[in-house]
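Secondary and tertiary structure notes
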Amino acid sequence: KKRYLPRIKRCNDAIPDAADAIGTGDWLVVTDFANKIADDTILPMRLYTSSLVGGGTNVKVAFAKEMNKAADDFEKAQKKLVKATAKQD
């Protein structure tokens, strides 16, 4: 669990800078965020959820389903961002 959270937090911390870069049209920063930081966050989100469910903890299944849905939504948004950065749109 400890190895997944730093990558998730790194992405969370980078989101404001990525939003600013989108606003200013700094596509190099946005591309770096989309292809490196955000992309590197998808798997840890899934693995962290899986570790909670399978780790003998008392996490409710509904909460795990919400976390999995959030990971799916994040992955879809990341793919859209990659396409937008390619078009610089």
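Criteria and thresholds
Residues numbered from 1 in each chain as written. Predicted model: local features only at pLDDT ≥ 70, side-chain atom pairs only at ≥ 80, totals over all residues. Heavy atoms only, no water. Helix = DSSP H or I, 4+ residues; strand = E, 2+ residues; numbered from the N terminus. Expected span 1.5 Å × (residues − 1). Bend = angle between axes of the 7 residues up to and from the residue. Salt bridge = Lys/Arg side-chain N within 4 Å of Asp/Glu carboxyl O. Buried < 20%, exposed > 50% of the residue type's maximum accessible area, 1.4 Å probe, protein only.

Some thoughts on helix α2 (residues 27-54)
The end-to-end C-alpha separation of α2 is 40 Å, in line with the 40 Å expected for 28 residues at 1.5 Å each. Taking the largest bend as the criterion, α2 deviates by roughly 35°, centred on Phe33.

Quick word on the pattern of salt bridges
This model, assessed by the stated rule, comprises seven salt bridges. Among the ionic pairs, Lys79 bridges to Glu75, the shortest N-O distance being 3.7 Å. Of the two residues, Lys79 and Glu75 are both situated in helix α3 (residues 61-87); the distance of four residues between them amounts to about one turn of the helix. On the basis of relative accessible area, Lys79 is assigned to the partly exposed category, the value being 47%. Overall, Glu75 belongs to the partly exposed group, its relative accessible area being 22%. Through salt bridges with shared partners, a single network forms among Arg46, Asp72, Glu75 and Lys79.

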